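Structural overview
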Amino acid sequence: GQQVMQIPQYQHVQEGEDFTTYCNSSTTLSNIQWYKQRPGGHPVFLIQLVKSGEVKKQKRLTFQFGEAKKNSSLHITATQTTDVGTYFCAASNAGGTSYGKLTFGQGTILTVHP
Amino acid sequence: DTAVSQTPKYLVTQMGNDKSIKCEQNLGHDTMYWYKQDSKKFLKIMFSYNNKELIINETVPNRFSPKSPDKAHLNLHINSLELGDSAVYFCASSRNRGYEQYFGPGTRLTVT
């Protein structure tokens, strides 16, 4: 089945530093979604990327989808303590009986030290 | 107004018992899901229903049985609970297949 590898598993940063998490797949993805889960909370949808080479920004967050649609990244500029949580990428099956099934990456747990 | 709700929030039970977790969404979505999140935060799909029809059934022990009485509800019944079933179970819904998913608050199941 589809697999999505996400690195790093953990990231500790000082407040104000930048942070990046990466997702890679051996197969071409139809689209990729990103979610954030605060400690003790539930995953919350951030964004969906569909087009090859797509770049989307949400304030200090920048999301990229690779040209070959096999990788994606989430970059946070000047982290704040409110950015703490686990960030997941999730690849969606394009069609067939499993259309819409999300395969989640392992997640990156971000800790921000004040 | 809660979009996706689950009950109970916490469930502590002994091995061998049978338990149910309920999920309801008031978003008018057609598709609902059950996920299991283990202690390492890994999120894995278990089941998905689209308009009350089972569309995704991952490799899950048949002790787990989902039921969707209508498209706003997706319940999960677990028979003969085992220690390894301890996890957080999330319900989610989406407008339709392939759209972003909205997760419930989770049910932390502890089997002793």
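This text gives an overview of the structure that appears in the document. Every value quoted in this text rests on a predicted model; they were computed, and no experiment measured them. (Residues numbered from 1 in each chain as written. Chains lettered and ligands numbered in written order. Predicted model: local features only at pLDDT ≥ 70, side-chain atom pairs only at ≥ 80, totals over all residues. Heavy atoms only, no water.)

Quick word on the pairing of strand β8 (residues 73–78) of chain B
Successive side chains on a regular strand alternate, one facing one side of the sheet and the next facing the other. All names here are of chain B. Rules: Exposed residues in this analysis have more than 50% of their type's maximum accessible area, buried residues have under 20%, and partly exposed residues fall in between, with area computed by a 1.4 Å probe over protein chains only. Put simply, DSSP H or I for four residues or longer makes a helix, DSSP E for two residues or longer makes a strand, and each gets a number counted from the N terminus. DSSP bridges decide pairing: two strands pair if at least two such bridges lie between them.
Side chains Leu74, Leu76 and Ile78 of β8 all project onto a buried face; the interleaved residues His73, Asn75 and His77 project onto a face where none is buried. In this structure, strand β7 (residues 64–70) lies alongside β8, joined through 5 bridges in antiparallel fashion. Residue pairing in the sheet places Pro66 in a bridge with Leu76 of β8. The antiparallel pairing of β7 with β8 creates a hairpin that spans 2 residues between the two strands.

Focus on the sheet that holds strand β7 (residues 61–65) of chain A
Residues and elements named next belong to chain A. We count it as follows: Only the stretch in contact is used when a helix axis is fitted, and all axes are lines through C-alpha atoms; the angle between N-to-C directions ranges over 0 to 180 degrees.
An order of β1-β3-β8-β7-β6 is seen for the 5 strands of this open sheet, with the pairing classed as antiparallel. Looking along the sheet, the strands with just one partner apiece sit at the ends: β1 (4–7) and β6 (55–58). Averaged over all neighbouring strand pairs, the angle between strand axes comes to 15°, with direction disregarded. In the sheet, β7 pairs with strand β8 (residues 71–76) via 5 bridges, with the strands oriented antiparallel. Across the sheet, residue Phe65 finds its bridge partner in β8, namely Ser72.

Re the interface of chain B and chain A
As a reminder, the rule being used: By definition, residues are in contact when any of their heavy atoms lie within 4.5 Å. Buried surface area refers to the total accessible area, computed with a probe of radius 1.4 Å, that the two partners give up upon joining, counted for both partners together. Put simply, a salt bridge is a Lys or Arg side-chain nitrogen that is within 4 Å of an Asp or Glu carboxyl oxygen. Identification of polar contacts relies on pairs of N or O atoms within 3.5 Å, with a donor-acceptor requirement for protein atoms, meaning one able to donate a hydrogen and the other able to accept it, and with residues adjacent in sequence counted only if both atoms are side-chain atoms.
With 19 residues of chain B in contact, the opposing surface of chain A contributes 22 residues. Note on chain B versus chain A: buried area summed over both sides is about 1,700 Å², and carbon and sulfur give 55% of it. Contact with chain A buries area across many residues of chain B, yet B:Lys41, B:Arg97 and B:Phe103 alone supply 30% of it, more than any other trio. Linking chain B with chain A are 1 salt bridge, by the criterion used here. Residues A:Lys101 and B:Glu58 are paired through a salt bridge, measuring 3.0 Å at the closest nitrogen-oxygen approach. Run the count over chain B and chain A and you get 3 residue pairs in polar contact (both at pLDDT 80 or more). When contributions to the side of chain B that touches chain A are tallied by element, the ones reaching two or more residues are β4 (31–37), β5 (43–50), β6 (53–57) and β10 (101–103) of chain B. Examining the composition of the side of chain B that touches chain A, we find that 3 residues originate from one element, β4(B), more than from any other.

Some details on the state of the cysteines
All names here are of chain A. To keep things clear, this is the line we draw: In this description, a disulfide is simply a cysteine sulfur pair whose atoms lie within 2.5 Å.
Under the criterion given, the structure shown has 2 disulfides over all chains. Between the sulfur of Cys23 and that of Cys89 lies a disulfide, 1.6 Å long from S to S. An S-S torsion of about -90° defines the bridge between Cys23 and Cys89 as left-handed. Here the residue Cys23 occupies a position in strand β3 (residues 19–25), and Cys89 occupies one in strand β9 (residues 85–92), the gap between them amounting to 66 residues.

Section: unusual backbone geometry
The amide bond that connects A:Ile7 to the next residue, A:Pro8, takes the cis arrangement and shows omega of -5°. Its location among the elements puts A:Pro8 in the loop between β1 and β2 (10–14). Across the junction of B:Thr7 and B:Pro8, the peptide omega takes the value -5°, indicating a cis bond. Along the polypeptide, B:Pro8 turns up in the loop between β1 (4–7) and β2 (10–13). In this structure, A:Lys59 is a non-glycine residue whose phi angle is positive, near 55°. Mapped onto the elements, A:Lys59 comes out in the loop between β6 and β7. The class of A:Lys59 is exposed, set by a relative accessible area of 88%. A positive phi angle is found at B:Lys41, which is not glycine, with a value near 75°. The topology assignment puts B:Lys41 in the loop between β4 and β5.

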